[in-house]
Amino acid sequence: MSVKLDEEVSAQVPADDFQALEEKVYRTIELYKSAKEAKVAVERDVVRLREQLEEREEEVETLRREMLKLRKEREEVRGRVEKMLQQIDTIAEEQAAS
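Residues numbered from 1 in each chain as written. Predicted model: local features only at pLDDT ≥ 70, side-chain atom pairs only at ≥ 80, totals over all residues. Heavy atoms only, no water.

**Re the overall build of the chain**
Stated formally: Here a strand is any run of E in DSSP of at least two residues, a helix any run of H or I of at least four, and the numbering for each starts at the N terminus. Each residue is placed in one exposure class: buried if its accessible area under a 1.4 Å probe, protein chains only, is under 20% of its type's maximum, exposed if it is over 50%, and partly exposed if it falls in between.
Scanning the chain for helices and strands turns up 2 helices and 0 strands. Taken over 98 residues, the chain has a buried fraction of 0%.

Listed below in C-alpha cells is the structure:
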C-alpha cells in the first residue's frame with residue numbers, strides 16, 4: 001500500500017516541480033542564515049549602543065554636577081563682589097562727607 005501511494009505521489013509531482021520546490025527550500029535556508037547573522041549583528045550593536053548610552057549618561061551626570069558647582073561658585077563670587085562694592089561705596093561716601 002505504501003509503495004502504491006509513493007507511486008501515485010511521484011506521478012502527481014513532476015520532476016520540474018520538485019526541483020523548483022527544492023530551490024525554494026534552499027533559498028529559504030539561505031534567507032534564514034542571513035536573518036540569523038543579521039540578528040547576531042543587531043544584538044551586538046544593541047549591546048555596544050547600550051554601553052555608549054550608559055557612558056554618555058555618566059558624562060551628562062558629571063557635567064551636571066560640575067555645572068551646579070560652578071553656579072554655586074559664581075553666586076559666591078557675585079556675593080563677595082557685591083560686598084566689596086558696598087564697602088567701596090561706604091568708603092566713597094565717608095570721604096565725600098569729610
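**Quick look at the pattern of salt bridges**
In plain terms, the rule: The term salt bridge refers to a pairing of a side-chain nitrogen on Lys or Arg with a carboxyl oxygen on Asp or Glu at a separation within 4 Å.
A full pass over the atoms with the stated rule returns 9 salt bridges. Notably, a salt bridge pairs Glu43 with Lys39, separated by 3.8 Å at the nearest N-O pair. Note that Glu43 and Lys39 are positioned in helix H2 (residues 15-97) at a spacing of 4 residues, about one turn of the helix. Glu43 sits in the partly exposed class, given a relative accessible area of 42%. Using a relative accessible area of 52% as the deciding quantity, one classes Lys39 as exposed. Ionic pairing is found between Glu75 and Arg78, a salt bridge with its closest N-O pair at 3.1 Å. Remark: Arg78 and Glu75 occur in helix H2; sequence separation between them is 3 residues, near one turn of the helix. Take Glu75: its relative accessible area is 40%, and that puts it in the partly exposed class. Using a relative accessible area of 41% as the deciding quantity, one classes Arg78 as partly exposed. Connected via shared salt-bridge partners are Glu55, Arg56 and Glu59.

**Overview of a nonpolar patch on the surface**
Test applied: Exposure above 30% relative accessible area and no salt bridge define the residues that can form patches, which grow by joining like charges within 9 Å and nonpolar side chains of Val, Leu, Ile, Met, Phe, Trp and Tyr within 5 Å. Residue-level accessible areas treat just the shown protein chains as cover; the underlying method is Shrake-Rupley with a 1.4 Å probe.
A surface patch of nonpolar side chains, amounting to about 500 Å² of accessible area, comprises Phe18, Leu21, Val25, Tyr26 and Ile29. Along the polypeptide, Val25 turns up in helix H2. Here Val25 falls in the partly exposed class, since its relative accessible area comes to 41%.

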